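Spelled out, the chains give:
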Amino acid sequence: MAKIIEITVPDIGDFDEVEVIEVLVQAGDRVEAESSLITLESDKASMDIPSPHSGTIKEIKIKAGQKVSQGHIIATIEADETVTNKPIAEKKPAKIEADKPAVAVNTGRSAATPRPAPLPTVNEGGFRKAHASPAVRKFARELGADLGRINGTGNKGRILKEDVQNFIKQILSGSAAFMPAGGGLAVAPPPEIDFAAYGEIESKALSNINKLTGKYLHSSWVRIPHVTQFDEADITELEKYRKQLSEKYKDQGIKITIIAFLLKAVVSALQEFPRFNSSLDASGENLIFKKYFHIGVAVDTPDGLVVPVIQDVDKKNLLQLAEEIISTAQLAREKKLKIDKMKGGCFTISSLGGVGGTAFTPIINQPEVAILGVSRSSLKPVYQDNTLVPRLMLPLSLSYDHRVIDGVAAAKFTRFLGEILADAQRLPS
Ligand code: CAO
């Protein structure tokens, strides 16, 4: 015969006065033996308390927020007739450490249920921090739902089972709001490694600039299909001219480096190839062509990379540009650059020419569609009129957004730059 049994909090180890954070059943619910009734959470761990019997819940004697200890009555249950006097679950509830996943990750198996296919990857950091009960965590993990991306509708934003179900429904229906930003890939998190296990280490926090730049670069790298076109410009004549100019303005403290010429050459190329002076709009379906020429210049500072923007390069002469590069780089290195000076760029130049190297693949400064990397010039033997002659060659590395720019256009763009830099007379002063 069915009988009413009181279900009490079992031995929960060293814990006393633990908070009930979720009541998972209500009166009238049918439960199976070992299914979770409530979730308790201490400052160290959370645990689900299972039902020791199958049957129907008659009355709930507990509510969320209450503190309980061993022996506290949770509920009464009308246990199934088949139940013996000995409850099925006499064991301690499974304790789930706050900083460990509830079940094995990505092995294709949960602790309880073997699965034929590997589970989708979740972001472990976000998953751990999410406000959810172990039962919901387990449920989410079984479905491969990333708790870190789910907004909870429960008490104090707690993630409920329904939230996980809704999230999965949204994913299946292809709702953009639930896809990774930009519809890109969900990337597996890096492995957590105890570096100290292999030798002495020192941990240093990244600078704010590092963190901010890192975010932008990562986003750009993941969202934009990058291709890099390499070329060389013969700057033998240009270098002579640059040295003359530098000499002339030395007394005024103005150093004219190749960057000023590159700014001018880039503007000419953008005028010739307007697609390089465009951005995709937020929908990704329209190209916005800019009629202005604001060019970013990557500056290396002690705290990391910043990209101030030189406004209206087409309206400034070489000397003005050279002065502005010097003063802007100085401000950037002294952290005095106003945020306005870093906005509105159309295209970026990143020069490692003062350092060295022969080529590199710069990351596009989104929402721009291309970036020009410049490496150190060097003397190379070049065939001219059937003779090998020494020429000063400047390596160019143009990374471009392949959604907007085709390979042929990129090759034409760098060729145009090469030709215009080779002929100093063609450069607007
Ligand atoms: N080939 C050969 N020499 C070059 C050169 C090149 N392509 N570019 C610069 N040089 C020379 C300069 O003429 C200068 O020579 P002198 O000291 O003999 O006068 C020297 O290298 C140092 O130049 P500079 O770097 O101080 O000046 P710049 O105008 O060329 O560059 C700036 C200014 C702000 C762009 C640069 O200082 C800087 O910060 N570069 C780093 C940018 C960066 O980090 N990019 C990587 C981003 S990752 O995508």
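A brief report on the enclosed structure follows.

Section: the overall build of the chain
Argument step 1. When helices and strands are counted, the chain shows 8 helices and 20 strands.
Argument step 2. The 429 residues of the chain split such that 41% are buried.
Argument step 3. Total accessible area on the chain stands at roughly 24,200 Å², and carbon and sulfur atoms take up 52% of it.

Notes on empty space enclosed by the protein
Argument step 1. Following the criterion strictly, the structure yields 2 cavities of 30 Å³ or more and no others.
Argument step 2. Computed from the structure, the second largest cavity encloses a volume of approximately 30 Å³.
Argument step 3. For the second largest cavity, the full set of lining residues is Val297, Val299, Pro308, Ile310, Ile325, Thr328 and Ala329.
Argument step 4. Ranked by residue count, the leading element in the lining of the second largest cavity is helix H7 (residues 318–333), at 3 residues.

A few points about the packing of helix H6 (residues 258–272) against H7
Argument step 1. For the pair H6 and H7, interaxial distance at closest approach is 9 Å and the crossing angle is 120 degrees. Accordingly, the angle class assigned to the pair H6 and H7 is oblique. Read as a crossing pair, H6 and H7 show a hand that is right-handed. For the pair H6 and H7, the contacting residues are Ile259, Ala260, Phe261, Leu263 and Lys264 in the first and Leu318, Leu321, Ala322 and Ile325 in the second.
Argument step 2. Tallied by class, residues from the contact of H6 with H7 come to 8 nonpolar, no polar and 1 charged.

Regarding a nonpolar patch on the surface
Argument step 1. Taken together, the side chains of Ile193, Phe195, Tyr198 and Ile201 define a hydrophobic patch exposed on the protein surface, amounting to about 500 Å² of accessible area.
Argument step 2. Examined against the element boundaries, isoleucine 201 turns out to sit in the loop between helix H3 (161–172) and helix H4 (208–223).

A short note on the pairing of strand S20 (residues 387–401)
Sheet faces and side chains relate simply in a regular strand, where the side chains alternate between the two faces.
Argument step 1. Counting buried positions over the 15 residues of S20 gives 11, a clear majority of the element.
Argument step 2. In this structure, strand S10 (residues 226–234) lies alongside S20, joined through 9 bridges in antiparallel fashion. Within the sheet, the bridge partner assigned to histidine 226 lies in S20 and is aspartate 401.
Argument step 3. Bridge analysis of strand S18 (residues 370–374) against S20 gives 5 bridges, and the strand direction is antiparallel. Note on S20: the bridge partner recorded for isoleucine 371 is serine 399.
Argument step 4. Two strands pair when backbone bridges link them, and strand S19 (residues 378–384) and S20 are joined in this way by 7 bridges, in the antiparallel orientation. For tyrosine 383, the partnering residue across the bridge sits in S20 and is leucine 388.
Argument step 5. Where S19 folds back on S20, the antiparallel hairpin that results is connected by 2 residues, among which aspartate 385 adopts a positive phi of roughly 50 degrees.

Focus on unusual backbone geometry
Argument step 1. The omega torsion of the bond from glutamine 366 to proline 367 falls at 10 degrees, within 30 degrees of zero and hence cis.
Argument step 2. With phi around 45 degrees, aspartate 312 is a residue other than glycine that occupies positive phi space.
Argument step 3. Here aspartate 312 shows up in the loop between strand S16 (309–310) and H7.
Argument step 4. Positive phi values are uncommon outside glycine, yet aspartate 385 reaches one of about 50 degrees.
Argument step 5. Mapped onto the elements, aspartate 385 comes out in the loop between S19 and S20.
Argument step 6. Using a relative accessible area of 75% as the deciding quantity, one classes aspartate 385 as exposed.

Structural notes on the site of the ligand
Argument step 1. The local shell around the ligand holds 21 residues, among which Thr257, Asp300, Arg333, Ser350 and Ser377 are the closest.
Argument step 2. With respect to the ligand, the side chain of lysine 255 contributes an N or O atom lying 3.3 Å from an oxygen atom.
Argument step 3. Within the contact set of the ligand, an oxygen atom lies 2.9 Å away from a backbone nitrogen or oxygen of aspartate 300.
Argument step 4. Protein chains shield 70% of the accessible area of the ligand, which is 960 Å² for the free molecule.
Argument step 5. For the shell around the ligand, the elements supplying multiple residues, two or more each, are H6, strand S14 (299–301), H7 and strand S17 (347–351).
Argument step 6. Grouping the amino acids of the shell around the ligand by side-chain chemistry returns 9 nonpolar, 7 polar and 5 charged.

Criteria and cut-off values
- Residues numbered from 1 in each chain as written.
- Predicted model: local features only at pLDDT ≥ 70, side-chain atom pairs only at ≥ 80, totals over all residues.
- Heavy atoms only, no water.
- Helix = DSSP H or I, 4+ residues; strand = E, 2+ residues; numbered from the N terminus.
- Buried < 20%, exposed > 50% of the residue type's maximum accessible area, 1.4 Å probe, protein only.
- Areas by Shrake-Rupley, 256 points an atom, 1.4 Å probe, with all protein chains shown as cover.
- 1 Å grid on protein atoms, 1.4 Å probe; cavity = no way out; pocket = protein on both sides within 12 Å on 5 of 7 lines; lining within 4 Å.
- Points joined across faces, edges and corners; volume = space filled by probe spheres on them.
- Axes fitted to C-alpha atoms, helices over the stretch in contact; angles between N-to-C directions.
- Parallel < 35°, antiparallel > 145°, perpendicular 65-115°, else oblique.
- Left-handed = near helix turned anticlockwise from the far one by under 90°.
- Contact = heavy atoms within 4.5 Å.
- Nonpolar A, V, L, I, M, F, W, Y, C, P; charged D, E, K, R; others polar.
- Patch = residues over 30% accessible without salt bridge, like charges linked within 9 Å, V, L, I, M, F, W, Y side chains within 5 Å.
- Salt bridge = Lys/Arg side-chain N within 4 Å of Asp/Glu carboxyl O.
- Pairing = 2+ DSSP bridges.
- Near = heavy atom within 4 Å.
- Polar contact = N/O pair within 3.5 Å; in protein donor to acceptor, adjacent residues only side chain to side chain.

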